[in-house]
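Structural overview
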Amino acid sequence: MINITKLHVQYDKHVALQDVSFHIAEEKITTIIGPNGCGKSTLLKAMSKNLKYQKGRIEIGGKNLSHYSPKKLAKSLAILPQNPKVPADFTVHELVSFGRYPFISFGKRMKQKDYDMMAWALDKTDMTTMKGRMVSTLSGGERQRAWIAMALAQEPRILLLDEPTTYLDIAHQFDVLELIKSIQEKTGITIVMVLHDINQAARYSHDIVVMKKGAIVKQGSPKDIINEDTMEGVFRLKGNFIKGSRYPHFIPLESKRQA
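All of the points below concern the structure found in this document. (Residues numbered from 1 in each chain as written. Predicted model: local features only at pLDDT ≥ 70, side-chain atom pairs only at ≥ 80, totals over all residues. Heavy atoms only, no water.)

What about the nonpolar core?
Membership of the largest hydrophobic core comes to 46 residues, with the highest contact counts inside it found for Ile-33, Val-92, Val-96, Ile-148, Ile-180 and Met-193. It is helix H5 (residues 140-153) that contributes the most residues to this core, 8 residues altogether. Discounting chain neighbours no more than four positions away, the residues touching Val-92 are Leu-122, Met-127, Met-130, Lys-131, Arg-133, Val-135, Leu-138 and Ala-146. Membership of the second largest hydrophobic core comes to 29 residues, among which are Met-1, Leu-17, Cys-38 and Leu-51. (Core = buried A, V, L, I, M, F, W, Y, C linked by side-chain atoms within 4.5 Å. Buried < 20%, exposed > 50% of the residue type's maximum accessible area, 1.4 Å probe, protein only. Helix = DSSP H or I, 4+ residues; strand = E, 2+ residues; numbered from the N terminus. Contact = heavy atoms within 4.5 Å.)

Here it is, written out as structure tokens:
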């Protein structure tokens, strides 16, 4: 689905991504983890063509990313950044309608297909009854679901989510991640997301990519990735793992960052 080869991103003298190469499987949830500042968000921005890279190659569906026009890319890929902004006087329904813009010709109005896709996206995110609400009046979890509905209305084959649980309490984090999992299972969409919580990554991912200092350290299934080697070598944490858990579950006990 997505192939990234020897990707290099540099800001002045700071190297954000260096020789990054990996593959993202189709119809799976792939989660990118790593310490702060390791290049996770930069990688998503490059994959969505929101950031230029100096070297390397990104292919989506076998086609070089540079060959996609913005409108054509928007029909294949949607991205939800960390802190999306919307004017306070927009309703949920109006927000979701933005997802149909790649399909509307200049000067034309939305067709029935557009309204049908909006209704479908609202239904999938359990936001139908809130479509008339102002986005500014929603709770954090509801607002995130509204943004996800907008992204789904775009009909993407690939959905990029940059820290979708940021600023949410633990209950809303659970709700949003369960929603993402359910959407992927029901639609077969390919999802790539950045998460900070290691245990959430283990629970909700088919595949995990580990980054450190702008490079890919390792990639594999949660059981292959969430182990002592990763926690100590990448995150500098010592701790215990809950035995018998369905997913790898790490309990941090000691930081080695100052050691």
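With respect to the sheet that holds strand E8 (residues 190-194)
Spatially, E6-E7-E8-E3-E9-E10 is the arrangement adopted by the 6 strands of the open sheet, whose pairing is mixed. Two strands close off the open sheet at either side, each with one partner strand: strand E6 (77-80) and strand E10 (215-220). Going from strand to strand, the sheet's axes swing by 15° on average, the running direction of each strand aside. Across 4 bridges, strand E3 (residues 29-33) lies against E8 in parallel orientation. In the strand pairing of E8, Thr-30 is matched with Val-192. Those strands touched by helix H6 (residues 170-187) are E3, strand E7 (158-162) and E8, and its axis lies near 160° from that of E8. (Pairing = 2+ DSSP bridges. Axes fitted to C-alpha atoms, helices over the stretch in contact; angles between N-to-C directions.)

Side note on helix H4 (residues 112-124)
An ideal rise of 1.5 Å per residue puts 18 Å on 13 residues; H4 measures up with 18 Å between its terminal C-alpha atoms. All of the buried residues along H4 are Asp-114, Met-117, Met-118, Ala-121 and Leu-122. Taken around the axis of H4, the buried residues stretch over an arc of 135°, which confines them to a single face. The inward-facing, buried residues of H4 abut helix H3 (92-97) and H5. Following H4 by one or two positions, Asp-126 has its phi on the positive side, about 55°. (Expected span 1.5 Å × (residues − 1). Arc of directions from axis to C-beta.)

Description of the packing of H4 against H5
Relative orientation of the contacting elements H4 and H5 amounts to 140°, with a least axis distance of 8 Å. Between H4 and H5, the crossing angle belongs to the class labelled oblique. Here H4 runs over H5; the crossing is right-handed. In contact with Met-117, Trp-120, Ala-121, Leu-122 and Lys-124 of H4, H5 contributes Ala-149, Leu-152 and Ala-153. When its residues are assigned to classes, the contact of H4 with H5 shows 7 nonpolar, no polar and 1 charged. (Parallel < 35°, antiparallel > 145°, perpendicular 65-115°, else oblique. Left-handed = near helix turned anticlockwise from the far one by under 90°. Nonpolar A, V, L, I, M, F, W, Y, C, P; charged D, E, K, R; others polar.)

Topic: helix H1 (residues 40-47)
In an α-helix, one full turn covers 3.6 residues, which means residues spaced three or four apart are oriented alike. Most of H1 is tucked away: 7 of the 8 residues are buried. Restricting attention to buried positions, one finds in H1 the residues Lys-40, Ser-41, Thr-42, Leu-43, Leu-44, Ala-46 and Met-47. Lys-49 lies just past H1 and shows a positive phi near 65°.

Describing the environment of Gln-144
Here Gln-144 lies in helix H5. With 66 residues separating them along the chain, Gln-144 and Ala-78 place their C-alpha atoms 15 Å apart. Residues in contact with Gln-144, not counting those within four places in the same chain, are Leu-80, Glu-163, Pro-164, Thr-165 and Val-176.

A closer look at the pairing of E10
Pairing geometry for strand E9 (residues 207-212) and E10, over 5 bridges, is antiparallel. Paired with Met-211 across the strands is Ile-216, a residue of E10. Here E9 folds back onto E10 in antiparallel fashion, the turn holding 2 residues, of which Lys-213 has a positive phi close to 55°.

Notes on the pairing of E9
With 5 of 6 residues buried, E9 lies mostly within the body of the structure. Pairing geometry for E3 and E9, over 4 bridges, is parallel. Bridging across to E9, Ile-33 finds its partner in Val-210.

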